[in-house]
Amino acid sequence: MEQSTEHFDIAIIGAGPGGYSTALRAAQLGKSVALVERDATLGGTCLNRGCIPSKAIITATHTIDTVHRAAELGVNASVNGIDFGRLRDYRLHIVDTMTKGLAGLLAHRGVTVFHGEVVGLGGQTQDGTRTLTVAGQGGSPVERFVKAGVPQPLEAQVTIGAHDVVVATGSRPRPLPGIGFRGALIDSTQALELDEFPASAVIIGSGAVALEFASMWATAGCDVTLLIRKDRVLSGWDRRASVTLTRELKRHGVKIVTHTGVTQVDTGANLGATVHYERHDGADDEASQHTVWGEIALAAIGRDPITDADWLTGSGIAIDGNSMVTTDAYGRTSLPGVWAIGDITEGPALAHRAFEQGIVAAETIAGLDPKPVDDATVPQVVFSSPEAASVGYTLDQAQARDDLESVTETVYPMLGNARMLMSGSAGSLSVVSGAYASDPDVQVVLGVHIVSPMASDLIAEAEQIVGNHVPLHEAARLIHPHPTFSETLGEALLKADGRPLHTR
């Protein structure tokens with residue numbers, strides 16, 4: 001075994017979207033980079049246990065949806081069952097391809113990867129460097145990767161020196177208050193690893209993860225009950241979008257129970273899960289007690305930042321009451337030379353936000369002057385059926401701001417679009433526009449909220465318009481190909497600009 005003590009410009013803890021984007025951009029800017037990851041593969045939750053494997057399964061279940069509509073379209077087709085072995089192989093193949101591709105890209109950029117777990121963060125020395133102590137897991141040696149897939153065994157514990165340290169440790173599924181994951185009460189990671197879809201499931205939560213599992217399982221024939229705390233899913237989103245998606249999920253067979261609070265979950269070997277919950281039918285009504293049984297119960301009420309490691313809590317880095325690392329707009333923590341990005345910082349816990357945070361941190365460390373991430377322009381997407389996507393302010397949020405005036409909401413009737421009509425899906429689209437008080441004569445697009453097939457792709461154009469503060473009149477002049485789903489946004493912008501074409 002060879003002794004390893006290496007020095008780098010930047011050491012990054014965590015190889016998820018935030019960590020690896022920092023590494024790629026910093027290496028591109030000529031910095032020497034060490035990337036430390038405790039998992040066997042790179043990519044973090046997104047590539048291994050979240051975004052990518054879940055969307056692989058959603059892609060498969062969308063096929064079932066298409067077949068179910070075949071008769072209506074004059075096509076004789078049917079679903080004769082699901083080969084869960086092949087579906088599992090498909091999911092693993094997608095994940096394996098993506099993680100190996102990432103490892104190859106990092107090696108090509110000259111990033112040195114260490115497989116091990118950080119157990120210590122040293123203080124800053126006179127020359128401004130800090131040390132990371134990295135240990136192998138279970139007494140195994142730390143492995144160094146200079147070439148992708150070619151491990152170099154080191155000592156059981158190694159020290160890495162770096163002038164800047166970027167912490168990107170990510171997040172983990174949040175358990176129900178006082179009720180830990182056990183038996184048939186599972187988290188999203190376990191749900192993705194199921195050998196086959198359950199016959200019945202109780203899902204607790206109303207955010208993206210809960211809705212995506214509800215949608216895919218219901219499409220595959222699972223009896224799904226969704227317990228939500230408020231009167232609609234995605235309650236923090238634009239009201240029209242959340243009401244529309246709630247209605248569409250019900251139409252797709254998801255039983256939604258509103259105004260609920262889970263009090264207990266009974267599980268046992270091969271017994272499934274009995275979920276006890278209370279329900280408030282009205283503001284003044286006493287809560288009524290209920291139970292619902294499922295082969296499994298999925299708790300999907302959010303994620304918690306991974307900031308409880310001893311080396312982190314004992315480092316002196318400021319952490320707020322929500323266990324988030326406190327940073328400035330560029331990712332600087334309270335410790336000089338230490339940065340934090342991704343799910344451990346306040347804001348939307350989304351991979352694409354972490355990508356941009358990583359780029360901003362890398363460029364700031366390299367002496368450039370990037371713009372910080374504006375959370376108001378980070379798009380949010382739910383890959384349900386239909387999809388939901390949102391960027392910018394809702395009407396209520398825009399009206400509450402002192403720096404905005406003449407705020408209005410424009411609603412486009414989605415079934416006026418030919419492709420929407422062909423899809424067999426309902427949907428909604430609203431555009432929030434207004435003027436900044438500093439330039440009251442120029443109306444700009446402040447927010448766009450969509451429920452429709454392909455909303456995840458449509459929102460990208462909306463993000464460019466909102467993020468770049470494009471004047472409404474100019475945005476409305478953009479030409480959209482006909483006939484496409486993208487025309488819905490073009491028509492909505494025209495209507496918001498006071499000159500509707502195919503709508504009143």
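Because the structure is a prediction, the values reported are computed rather than measured.

**Student:** What is the right way to read the overall build of the chain from this model?
**Tutor:** The helix and strand tally for the chain stands at 14 helices and 24 strands. Taken over C-alpha atoms, the radius of gyration comes to 24 Å for the chain, in line with the 23 Å a tight globule of 504 residues would show. Within the chain, the proportion of its 504 residues that are buried is 49%. A total accessible area of about 22900 Å² is found for the chain, and carbon and sulfur atoms account for 51% of it. Of the charged side chains in the chain, 37 are positive and 58 negative, and the gap between their average positions amounts to 4 Å.

**Student:** Is there a simple way to explain unusual backbone geometry in this structure?
**Tutor:** Glycine aside, residues mostly have negative phi angles, and peptide bonds mostly take the trans form. With an omega dihedral of 0°, the bond running from Ser 385 to Pro 386 counts as a cis peptide bond. Cis geometry marks the peptide bond from His 482 to Pro 483, where omega comes out at -5°. Note on placement: Pro 483 falls in the loop between α13 (472–475) and α14 (487–496). With a phi close to 65°, Met 454 is a non-glycine residue in the positive phi region. Among the secondary structure elements, Met 454 is positioned in the loop between β24 (443–452) and α12 (455–467).

**Student:** Got a minute to help me understand helix α4 (residues 84–108) in this structure?
**Tutor:** Every α-helix winds through 3.6 residues per turn, so residues three or four apart in the chain are directed the same way. Helix length check: α4, at 25 residues, gives a terminal C-alpha distance of 36 Å against a target of 36 Å (1.5 Å per residue), a fit within 8%. Every buried residue of α4 is listed here: Leu 87, Arg 91, Val 95, Thr 99, Leu 102 and Leu 106. Summarising the contacts, the buried residues of α4 are in contact with α1 (17–28), β2 (33–37), α2 (44–49), α3 (51–68), β3 (112–115) and α5 (188–192). Measuring from the backbone nitrogen of Gly 85 back to the side-chain oxygen at the start of α4 gives 3.2 Å, which picks out Asp 83 as the cap. Just past α4, the residue Gly 110 takes up positive phi, approximately 90°.

**Student:** I tried to follow the domain arrangement of the chain on my own but got confused; where do I start?
**Tutor:** In terms of domains, the chain is made up of domain 1 (6–48 + 92–170 + 306–375), domain 2 (174–301) and domain 3 (386–497). The C-alpha centroid of domain 3 is placed 31 Å from the C-alpha centroid of domain 2. Contacts between the two partners involve eleven residues from domain 2, matched on the other side by 15 residues from domain 3. When domain 2 packs against domain 3, the two sides together hide about 1000 Å² of surface, and 65% of this comes from carbon and sulfur.

**Student:** Got a minute to help me understand the packing of aromatic side chains in this structure?
**Tutor:** Given two aromatic rings, their pairing is described by the distance between the two centres and the angle made by the two planes. Across all of its chains, the model carries four aromatic pairs by this definition. A ring pair is formed by Tyr 20 and Phe 355, whose centres lie 5.8 Å apart and whose planes are at 55°; its orientation type is tilted. Placement of the pair is Tyr 20 in helix α1 and Phe 355 in helix α9 (residues 351–365), with a sequence separation of 335 residues. For Phe 355, a relative accessible area of 29% translates into the label partly exposed. Seen from their ring centres, Phe 84 and Phe 197 are 5.3 Å apart, and the 90° between their planes marks the pair as edge-to-face. Pair noted here: Phe 84 is in helix α4 and Phe 197 is in the loop between α5 and β11 (200–204), with a separation of 113 residues, a long-range link. Given the relative accessible area of 21%, Phe 84 is considered partly exposed. Assessed through its relative accessible area of 14%, Phe 197 is described here as buried.

**Student:** Before we go on, may I ask you to explain the sheet that holds strand β14 (residues 260–267) in this structure?
**Tutor:** Sheets are built from strands paired through backbone hydrogen bonds, the pairs being either parallel or antiparallel. The antiparallel open sheet is built from three strands, whose spatial order is β14-β15-β16. Strand pairing shows two members of the sheet lacking a second neighbour, β14 and β16 (288–294), which therefore form its edges. Each strand axis lies, on average, 25° off the axis of its neighbour in the sheet, ignoring direction. Bridge analysis of strand β15 (residues 273–279) against β16 gives seven bridges, and the strand direction is antiparallel. Paired with Val 275 across the bridge in β16 is Val 292.

**Student:** What is the right way to read the pairing of strand β8 (residues 157–167) from this model?
**Tutor:** Consecutive side chains of a regular strand alternate in pointing toward one face of the sheet and then the other. Most of β8 sits inside the fold, with eight of its eleven residues counted as buried. Two elements, strand β5 (residues 130–135) and β8, share six bridges in a ladder whose sense is antiparallel. Its bridge partner being in β8, Val 134 is matched across the sheet by Val 158. Summarising the sheet, β8 and strand β19 (residues 338–340) pair through three bridges and their orientation is parallel. Pairing of Val 165 across the sheet is with Val 338, part of β19.

**Student:** How do you make sense of the environment of Lys 255 when you look at a structure like this?
**Tutor:** Following the sequence through the fold, Lys 255 ends up in strand β13 (residues 255–257). Lys 255 sits 30 residues away from Thr 225 along the chain, and the two C-alpha atoms are 4.7 Å apart. With near-sequence residues (within four places) excluded, Lys 255 lies in contact with Val 224, Thr 225 and Leu 226.

**Student:** Sorry, what's going on with the sheet that holds strand β12 (residues 223–227) here?
**Tutor:** As summarised here, the arrangement of the five strands in space is β10-β17-β11-β12-β13, forming an open sheet in which the pairing is parallel. Single-partner strands in this sheet number two, and they are β10 (185–186) and β13. Examined bridge by bridge, β11 and β12 share five bridges and lie parallel to one another. Opposite Ile 203, over in β12, you have Leu 226 as the bridge partner.

Conventions we followed
Residues numbered from 1 in each chain as written. Predicted model: local features only at pLDDT ≥ 70, side-chain atom pairs only at ≥ 80, totals over all residues. Heavy atoms only, no water. Helix = DSSP H or I, 4+ residues; strand = E, 2+ residues; numbered from the N terminus. Rg over C-alpha atoms; globule rule 2.2 N^0.38 Å. Buried < 20%, exposed > 50% of the residue type's maximum accessible area, 1.4 Å probe, protein only. Areas by Shrake-Rupley, 256 points an atom, 1.4 Å probe, with all protein chains shown as cover. Lys, Arg positive; Asp, Glu negative; His and termini not counted. Charge placed at Lys NZ, Arg CZ, Asp CG, Glu CD. Expected span 1.5 Å × (residues − 1). Contact = heavy atoms within 4.5 Å. Polar contact = N/O pair within 3.5 Å; in protein donor to acceptor, adjacent residues only side chain to side chain. Domains from an automatic or database assignment. Buried area = accessible area lost by both parts, 1.4 Å probe. Phe/Tyr/Trp six-rings, centres within 6.5 Å; stacked < 30°, edge-to-face > 60°. Pairing = 2+ DSSP bridges. Axes fitted to C-alpha atoms, helices over the stretch in contact; angles between N-to-C directions.

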